[in-house]
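Structural features, examined
Below are the chains, spelled out letter by letter.
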Amino acid sequence: MADTSARMLALLALLQTRRDWSGPELAGRLDVSPRTIRNDVERLRALGYPVDATRGRAGSYRLGAGGKLPPLLLDDDEAVAMAIGLRVATGVAGIEDAGARALAKLLQVLPPRLRPTVDAVGASVDRGPENIDTDAPDPQVDPRTLGVVAQAVHDGEWIRFDYRGEARRVEPYRVLNWQRRWYLVARDPESGEWETFRLDWVEPRMPTRRPFAPVPLPGGDYTAFALRTIAASGWKVHARLRIAAPADRVVARINPTVGVVEAVDAETSILVTGADSLETIAAYIGMLGMDFTVDSPDALLPHLQHLADVYLRASGVTEWTASGRIG
């Protein structure tokens, strides 16, 4: 590769693809001598790119942190994938506006051969609504909150925050994105209890800067734990329902993220379920196809009555009695 500028861009692209490269590996990829690689590394450093090097037989080159932002070097598939991904980014406050700005910058530098593909995607693909399972609006997470929590997880430090009016201090372990919502799996260091927190309800306080010794999660599967606990604590409203059916039949009919089932006896079970609105609970509980009564909350009853009236009118029946229908 004779052209120095093109070779340096290719070298920078290689340094971005993995953590460490040996001099001979880079020389082989670029079809130059190790000495040329050393000279090009010095040129990159002079331009403000922090290329770290270790000497010796096991020496290597690595693109360090800081300095100027390197140019984004993408192959054709990566560029198209990024353009498409920026069009559909959701779930974090302001992400759509930021994504639109980033997409505009990407489109400015796309090679002419890729523009038809990206333009075709933009012109021919419409985006359908994602929020089709509830009447409540999608929650959005503050980017600062997401960043603070993710940093605490990465650094293994206690995090303090206000959660629905309560001050909490926890050991953060994982962040989960599911159903357009963001969650934190964490452990209370005082009680030892594991919990799942919705990030749109988290208001971070000052960082603790205090590391903790990690404790293994029982079972080891953070995602499975979060999905189990979201049903009991991850929704805005909850309901306790007494179902006239065995627990195993109820479990077979629901998604574990929206309900926890407990057996009362061989023919009765308790379902604790949640959603972001009581209207959603009222609509979905009917899909069980099982008789039930409401233990709590009483506020759910008017929504059930409303749906009952709607279905009654749709069926052409004017009134129900205990022994059958009238009209």
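This text follows the structure it describes.
Here is a short report on the structure shown in this document.

Quick notes on the rules
- Residues numbered from 1 in each chain as written.
- Predicted model: local features only at pLDDT ≥ 70, side-chain atom pairs only at ≥ 80, totals over all residues.
- Heavy atoms only, no water.
- Salt bridge = Lys/Arg side-chain N within 4 Å of Asp/Glu carboxyl O.
- Helix = DSSP H or I, 4+ residues; strand = E, 2+ residues; numbered from the N terminus.
- Buried < 20%, exposed > 50% of the residue type's maximum accessible area, 1.4 Å probe, protein only.
- Pairing = 2+ DSSP bridges.
- Axes fitted to C-alpha atoms, helices over the stretch in contact; angles between N-to-C directions.
- Contact = heavy atoms within 4.5 Å.
- Expected span 1.5 Å × (residues − 1).
- Arc of directions from axis to C-beta.
- Phe/Tyr/Trp six-rings, centres within 6.5 Å; stacked < 30°, edge-to-face > 60°.
- Lys NZ or Arg CZ within 6 Å of the ring centre and 35° of its normal.

**So, the pattern of salt bridges**
Tallied over the entire structure, the rule returns 14 salt bridges. Note that R7 and D40 form a salt bridge whose closest N and O atoms lie 2.4 Å from each other. Here the residue R7 occupies a position in helix α1 (residues 4-17), and D40 occupies one in helix α3 (residues 34-46), the gap between them amounting to 33 residues. No difference in accessibility class separates R7 from D40, as the two residues are buried. Here R240 and D295 are joined by a salt bridge, their closest N and O atoms 3.4 Å apart. In this pair, R240 sits in strand β8 (residues 237-243) while D295 sits in strand β11 (residues 292-296), placing the two residues 55 residues apart along the sequence. When its relative accessible area of 33% is taken as the criterion, R240 is described as partly exposed.

**Some remarks on the environment of A79**
Within the secondary structure layout, A79 lies in helix α4 (residues 76-87). A79 sits 35 residues away from L114 along the chain, and the two C-alpha atoms are 8.3 Å apart.

**Some remarks on the sheet that holds strand β5 (residues 181-187)**
Within the open sheet, the 5 strands sit side by side as β6-β5-β4-β3-β7. Their pairing is antiparallel. Of all the strands in the sheet, the pair left with one neighbour each is β6 (194-198) and β7 (202-204). Strand-to-strand twist across the sheet, computed as the mean angle between neighbouring axes with direction ignored, equals 55°. Where β5 and β6 come together, 5 bridges link them in antiparallel fashion. When the sheet's bridge partners are listed, A186 is paired in β6 with E195. The sheet strands contacting helix α7 (residues 143-155) are β3 (159-163), β4 (166-178), β5 and β7, and the helix crosses β4 at an angle near 95°. Packing of helix α8 (residues 222-233) onto the sheet brings it into contact with β3, β4, β5 and β6, and relative to β6 it is tilted by some 70°.

**A short note on α7**
Given a rise of 1.5 Å per residue, 13 residues ought to cover 18 Å, and the 18 Å separating the end C-alpha atoms of α7 matches this to within 8%. Along α7, the positions that sit buried rather than exposed are T145, L146, V149 and A152. Along the axis of α7, the buried positions cluster into a sector of 135°, meaning they face one direction only. Away from the buried face of α7 by more than 90 degrees, exposed residues R144 and H154 are located. On its buried face, α7 is in contact with β3, β4, β5 and β7. In the stretch just after α7, G156 is the one whose phi turns positive, near 65°.

**A closer look at the packing of aromatic side chains**
All told, the structure shown has 8 aromatic pairs when counted by the stated rule. Seen in terms of ring centroids, Y163 and F197 are 4.9 Å apart; in terms of plane orientation they differ by 90°. Their pairing is edge-to-face. In this pair, Y163 is assigned in strand β3 and F197 in strand β6, connecting sequence segments 34 residues apart. F197 carries the same exposure label as Y163, and that label is buried. Relative to Y222, the ring of Y173 lies with its centre 6.2 Å away and its plane at 20°, an arrangement referred to as stacked. Of this pair, Y173 sits in strand β4 while Y222 sits in helix α8, placing them 49 residues apart in sequence. When its relative accessible area of 6% is taken as the criterion, Y173 is described as buried. Taking the relative accessible area as the measure of exposure, Y222 reaches 17% and is therefore buried. Of the aromatic side chains, those joined through ring pairs into one cluster are F161, Y163, F197 and W201. It is R164 that lies over the ring of W201; its NZ or CZ is 3.9 Å from the centre.

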